[in-house]
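The chain contents come next:
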Amino acid sequence: MRKLIITRRKSPFGMLIPYYLIIGFEKATVDDSDKQYCIKNGETVTIDAEEVPAVIVVAAETSTGVVFSKPVAIDGGTDDLTGTIITEYNISKGSSYSLIME
């Protein structure tokens, strides 16, 4: 079992809104059956992960509706992985989220 260590970079945008990491193991997309992990502003979560390929999406319910990040694919393997969630804000488009895996 490997670990996924994900940090949500502290940001004034969406600071009170919990985000959710949705992980689909052995899938190209995520759906309602996948496990969701809550992550708050500035928090780091460590998730036990299967050693198979997976896809990760960040989601949040905002004042403009549910917003999803672009999916990030990870390869199978035994090495622990780290990543950072970055929140950006555009006055005309609202919040957007990016997951950067290192």
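1. What to know about the pattern of salt bridges
Right, so step 1: The full count for this structure, using the stated rule, is three salt bridges.
Right, so step 2: Close ionic contact of Lys3 with Asp48 constitutes a salt bridge, the shortest N to O distance being 2.4 Å. Of the two residues, Lys3 sits in strand β1 (residues 2-8) while Asp48 sits in strand β4 (residues 44-49), which places them 45 residues apart along the sequence.
Right, so step 3: Among the ionic contacts, a cluster of salt bridges with common partners joins Lys27, Asp31 and Asp34.

2. Focus on the packing of aromatic side chains
The description of an aromatic ring pair rests on the distance of the ring centres and on the angle between the ring planes.
Right, so step 1: Going through the model one piece at a time under the given rule, you end up with two aromatic pairs.
Right, so step 2: Ring centres of Phe13 and Tyr89 lie 5.2 Å apart, and the angle between their planes is 10°; this geometry places the pair in the stacked category. Of this pair, Phe13 sits in the loop between β1 and β2 (19-25) while Tyr89 sits in strand β8 (residues 81-90), and the two are 76 residues apart along the sequence.
Right, so step 3: Sitting over the ring of Tyr19, Arg8 keeps its end group 3.4 Å from the ring centre.
Right, so step 4: Note that Lys35 overlies the ring of Tyr37, its terminal NZ or CZ placed 5.6 Å from the centroid.

3. Thoughts on the sheet that holds strand β9 (residues 94-101)
Right, so step 1: Spatial ordering of the open sheet is given by β4-β1-β8-β9, a layout of four strands whose pairing is mixed. Strand pairing shows two members of the sheet lacking a second neighbour, β4 and β9, which therefore form its edges. Neighbour-to-neighbour, the strand axes of the sheet open up by a mean angle of 20°, direction not taken into account.
Right, so step 2: When β1 meets β8, the two strands line up parallel, connected through five bridges. If you follow Arg8 over to β8, its bridge partner there is Ile85.

What counts, and at which threshold
Residues numbered from 1 in each chain as written. Predicted model: local features only at pLDDT ≥ 70, side-chain atom pairs only at ≥ 80, totals over all residues. Heavy atoms only, no water. Salt bridge = Lys/Arg side-chain N within 4 Å of Asp/Glu carboxyl O. Helix = DSSP H or I, 4+ residues; strand = E, 2+ residues; numbered from the N terminus. Phe/Tyr/Trp six-rings, centres within 6.5 Å; stacked < 30°, edge-to-face > 60°. Lys NZ or Arg CZ within 6 Å of the ring centre and 35° of its normal. Pairing = 2+ DSSP bridges. Axes fitted to C-alpha atoms, helices over the stretch in contact; angles between N-to-C directions.

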